[in-house]
Amino acid sequence: MNKIKKPAALLLSATMVFTLAAACGKKENGASPEPGQSQAAEKPSKLVFMTTGDVAAGSLKGNDRIIAEINKRLGIELELKIVPEASYDKINVAMATGDYPDVLTINYPTNSLSQWINEGIVIPINDYLNSMPTVKSKLESSLSWTAVNGKYYGYPFIEQERSNVNLVYRADWLDKLGLKPPQTLDEFYEALKAVATKDPDGNGKNDTYGLTSAKNGAVVPTFDFIFYAYGLQNGDWALDEKGSVIPKFEHPSFKKGMTFLKKLWDEKLIEPEYMLNDTQMKEQKFYQSKVGFMDASLFRHVNRIETSLQKLNPNGKLGFAAPPAGPEGTRGMSAAPKTGLFTAITKGSKNPEKAAKFIEFMLSKEGRDLLQLGIEGVHYTKDGDKIVYNEEERAKDSFASGGWAHPLAWGSVVWPLTENYLPQTEPQADRAKDSVRLASENMKPNLVKLRTPAEIEFSGVVNELYYQYFTNMMIGKLDIDTGVAELGKKWREQGGSKILEEVNQAFKDKK
């Protein structure tokens, strides 16, 4: 798929500006004048939308018919300012100039967004919710905790209902070794040991490892499934015997899990360079027959990962299974996220009502159908329940190949996973959706849904500290009991005490 081009300079060239002024607001285009306005006087409202791109999306071109259709339906003149994926610093720089877009999408939660709310740069949408039925329903049903003093300042999209994080393995190797997917920690250990010592790739060498991962920021998401197996119940925090919130590493499951992980490390069952991996490097080692197990985000990646594996190993097979259960039968794979993206209206909007309707349209079924399928008779046709994609016409309007969506559908207001959306042309769609079912069943809930201000402020420091101690305990540089005690002390000194104070209050308020 095409990638959004990288900027050449810092601010204006840090965004891709795409303006398409369609002839809208006129009777023949189906837009009705606002009450009190004459047909001749009405002009389309200019609306600037600043958002983050996605490397999986196509690159927008001029004369985009989807944007023209949005303009026509909403009576707007849409201007897009798109920064490369995750380049939120460029949005912050743009906002600092005071030249505010009408609507923006930013990462959530952040100190910057909190400051914009406090300073009135981002405005509440409560007065517009009656014209935003889809947004209103989602906010009130599952996102009410995102309100600030009773006001909603935008639409946060945080995927708390579905997960795509799974434990994946080389199914062809387990078949060769005569093993079934491991269901318990004991079986998991035996599978890792067999992969590392019984030459599953058939090259006559013991050069394979059981398990790998990748460092994601300052946390170790993969190995959390070991702690869940030993009884950790929540994805964010744990409770002590008095019912107070404590860090997960002070729960009894942590020492048990670290003891198990150290055993895997000592026996060379964990790939030794996993700490240097990013996601791409981790996957490459899986394709290159260096490891048998890893964590992976599946869903629409099922076919991509298996196809990539088979380019190097024609007989390779991707398998995925529930994480192994511990001695008491408990298991889990990943934590429900607390972070995501946030779409809001700024005080720079000259027509916040139109801005609100734009956000609603992007989230509504009408909007999703347009962004995912396109215009019927142009980008697709229907044969009963079957969608026939016109890839030639779709390419002209920057739809991603293989039936995938228009660039505005990627990360703007909602993700494909949120709707469990796959185009009908997606290979292995049934397996992809099964991976979501399995991952979602093993997603652990949080004690406290929101991130407190202290978490936002200090999380980078305390997470990096945790990662350092986690690594030193696993590789044997620190005794586990000593490491947990030292970590607890330093963690509190570097902001953890303030975090716990706020989180405990939030937990009490929730109860």
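Residues numbered from 1 in each chain as written. Predicted model: local features only at pLDDT ≥ 70, side-chain atom pairs only at ≥ 80, totals over all residues. Heavy atoms only, no water.

Considerations on the confidence of the model for the protein chain
- Chain-level pLDDT for the protein chain is 89 on average; 90% of the residues reach the 70-or-more range.
- The low-confidence segment residues 1–40 (pLDDT under 50) makes 89 contacts with residues lying over four places distant or belonging to another chain. (pLDDT = per-residue confidence, 0-100. Contact = heavy atoms within 4.5 Å.)

Examining the pattern of salt bridges
- All told, the structure shown has 24 salt bridges when counted by the stated rule.
- Taking the shortest distance from any N to any O, the salt bridge between lysine 72 and glutamate 69 comes out at 3.4 Å. In this pair, lysine 72 and glutamate 69 both sit in helix α1 (residues 65–74), three residues apart, roughly one turn of the helix.
- Judged by its relative accessible area of 14%, glutamate 69 falls in the buried class. (Salt bridge = Lys/Arg side-chain N within 4 Å of Asp/Glu carboxyl O. Helix = DSSP H or I, 4+ residues; strand = E, 2+ residues; numbered from the N terminus. Buried < 20%, exposed > 50% of the residue type's maximum accessible area, 1.4 Å probe, protein only.)

Observations concerning the side chain of glutamine 372
- Relative to the elements of secondary structure, glutamine 372 occurs in helix α12 (residues 365–373).
- Residues contacting glutamine 372, with those up to four places away along its chain left out, are Arg394, Phe399, Gly403, Trp404, Ala405, Glu419 and Tyr421.

Considering the packing of aromatic side chains
- Here the structure, examined in full by the defined rule, presents 18 aromatic pairs.
- For the ring pair phenylalanine 223 and tyrosine 274, a centre distance of 5.2 Å and an interplane angle of 70° mean the geometry is edge-to-face. Of this pair, phenylalanine 223 sits in the loop between β7 (209–212) and α7 (224–229) while tyrosine 274 sits in the loop between α8 (252–266) and α9 (279–287), and the two are 51 residues apart along the sequence.
- Measuring from ring centre to ring centre gives 5.9 Å for phenylalanine 249 and tryptophan 491, while their planes differ by 80°; the resulting arrangement is edge-to-face. Within this pair, whereas phenylalanine 249 is found in the loop between β9 (245–246) and α8, its partner tryptophan 491 is found in helix α16 (residues 480–510), the two being separated by 242 residues in sequence. Of the two residues examined, phenylalanine 249 and tryptophan 491, each falls in the buried class.
- In textbook terms, an aromatic cluster arises when at least three aromatic residues are bridged by ring pairs, as seen for Phe223, Phe227, Trp237, Phe249, Phe254, Tyr274, Tyr466, Phe470 and Trp491. (Phe/Tyr/Trp six-rings, centres within 6.5 Å; stacked < 30°, edge-to-face > 60°.)

Details of unusual backbone geometry
- With omega at -10°, the peptide bond leading from tyrosine 108 into proline 109 counts as cis.
- Locating proline 109 in the fold gives a position in the loop between β4 (103–108) and α3 (111–118).
- Although it is not a glycine, asparagine 149 sits at a positive phi angle of roughly 55°.
- Mapped onto the fold, asparagine 149 is located in the loop between α4 (133–142) and β5 (155–157).
- With a phi close to 55°, aspartate 199 is a non-glycine residue in the positive phi region.
- Along the chain, aspartate 199 falls in the loop between α6 (185–197) and β7.
- Under the relative-accessibility criterion, aspartate 199 is labelled buried at 19%.

Examining helix α14 (residues 429–441)
- Compared with an ideal rise of 1.5 Å per residue, which puts 13 residues at 18 Å, α14 spans 19 Å between its outermost C-alpha atoms and is within 8% of the ideal.
- What α14 keeps buried is the set Ala432, Ser435, Val436, Leu438 and Ala439.
- Structurally, α14 contributes buried residues whose contacts are with β6 (165–170), α10 (302–312), β11 (318–321) and β16 (443–444). (Expected span 1.5 Å × (residues − 1).)

Focus: the pairing of strand β13 (residues 340–345)
- For β13, the buried fraction is high: six of the six residues fall into the buried class.
- Taken together, the six bridges between β4 and β13 define a ladder with antiparallel strand orientation. Within the sheet, the bridge partner assigned to valine 103 lies in β13 and is isoleucine 345.
- Strand direction decides the pairing type here: β5 and β13, joined by three bridges, are antiparallel. The residue of β13 that forms the bridge with tyrosine 155 is threonine 343. (Pairing = 2+ DSSP bridges.)

Description of the environment of glutamate 267
- Assignment of secondary structure puts glutamate 267 in the loop between α8 and α9.
- A relative accessible area of 34% means that glutamate 267 is categorised as partly exposed.
- Counting along the chain gives 71 residues from glutamate 267 to alanine 196, while the straight-line C-alpha distance between them is 9.3 Å.
- Ignoring anything within four residues of it in the chain, the contact list for glutamate 267 reads Tyr189 and Lys193.
- A distance of 2.7 Å separates a polar atom in the side chain of glutamate 267 from a polar atom in the side chain of tyrosine 189. (Polar contact = N/O pair within 3.5 Å; in protein donor to acceptor, adjacent residues only side chain to side chain.)

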